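Listed below, chain by chain, are the residues.
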Amino acid sequence: TLGILLSYFYKTNAYTIEQSMAVEQARRGVEDAMRYLREASYGADGSYPITNAATSTITFYANTDADSVIERITYTLLGGTLYRVVTQPAGNPPAYTGAMSTSTITTLVVNATSTPIFRYFDDTGAELSAPVNIANIASIKTTVVVDVNVNRAPVSFTLSGGATLRNL
């Protein structure tokens, strides 16, 4: 009887469980992205902390692990999946031609074109318009909308985060 009840529970709540897992994955990804963005710093090759800033992608430099090496990090949305690509510097002088690792931050992203993943603000809090002058970026806000099935309720979940760039 307990097995039948558990089976019924999972069958009737599968969508809710799947949605909860997707939202949790997105939450962790947004938190990590904001933590790394707060710590953005000059690249090992002397590059400015942010090299690319668009509505669905950003590339910047930060230390993502416990070593003293600054990695190049790119977050990009492709086909409903938000990815993070981390590139290690290599050589002397250092260049970002070293090992790259790609990880999936979250899937099932359904942001509308009116809801950019990344928004950029200057030091007065005014939003910067495209094309963004990276030298004017003081803070970044991210918004990720996740939905397991856009044709089924409950509605999508919106996760937001913000980071003030500390090292600029």
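See the structure printed just above.
Residues numbered from 1 in each chain as written. Predicted model: local features only at pLDDT ≥ 70, side-chain atom pairs only at ≥ 80, totals over all residues. Heavy atoms only, no water.

A. Representation of the environment of Ile137. Along the chain, Ile137 falls in the loop between strand 6 (118-121) and strand 7 (139-146). On the accessibility criterion, Ile137 (4% relative accessible area) is buried. (Helix = DSSP H or I, 4+ residues; strand = E, 2+ residues; numbered from the N terminus. Buried < 20%, exposed > 50% of the residue type's maximum accessible area, 1.4 Å probe, protein only.)

B. Looking closely at the sheet that holds strand 8 (residues 157-164). Spatially, 6-7-8 is the arrangement adopted by the three strands of the open sheet, whose pairing is antiparallel. This sheet does not close on itself; its edge strands, each paired only once, are strand 6 and strand 8. Geometrically, the sheet is characterised by an average inter-axis angle of 15° between neighbouring strands, direction not taken into account. For strand 7 and strand 8, the ladder comprises eight bridges, and the chain directions are antiparallel. Note on strand 8: the bridge partner recorded for Ser139 is Thr164. (Pairing = 2+ DSSP bridges. Axes fitted to C-alpha atoms, helices over the stretch in contact; angles between N-to-C directions.)

C. Seen up close, the pattern of salt bridges. Counted by the stated rule, this structure contains six salt bridges. Residue Glu24 is joined to Arg28 by a salt bridge in which the shortest nitrogen-to-oxygen separation is 3.3 Å. Of the two residues, Glu24 and Arg28 are both situated in helix 1 (residues 2-38); the distance of four residues between them amounts to about one turn of the helix. Taking the relative accessible area as the measure of exposure, Arg28 reaches 45% and is therefore partly exposed. As a salt-bridge pair, Arg35 and Asp32 come within 2.5 Å of each other at their nearest N and O atoms. Here Arg35 and its partner Asp32 are both found in helix 1, three residues apart, which amounts to about one turn of the helix. For Arg35, a relative accessible area of 42% puts it in the partly exposed group. (Salt bridge = Lys/Arg side-chain N within 4 Å of Asp/Glu carboxyl O.)

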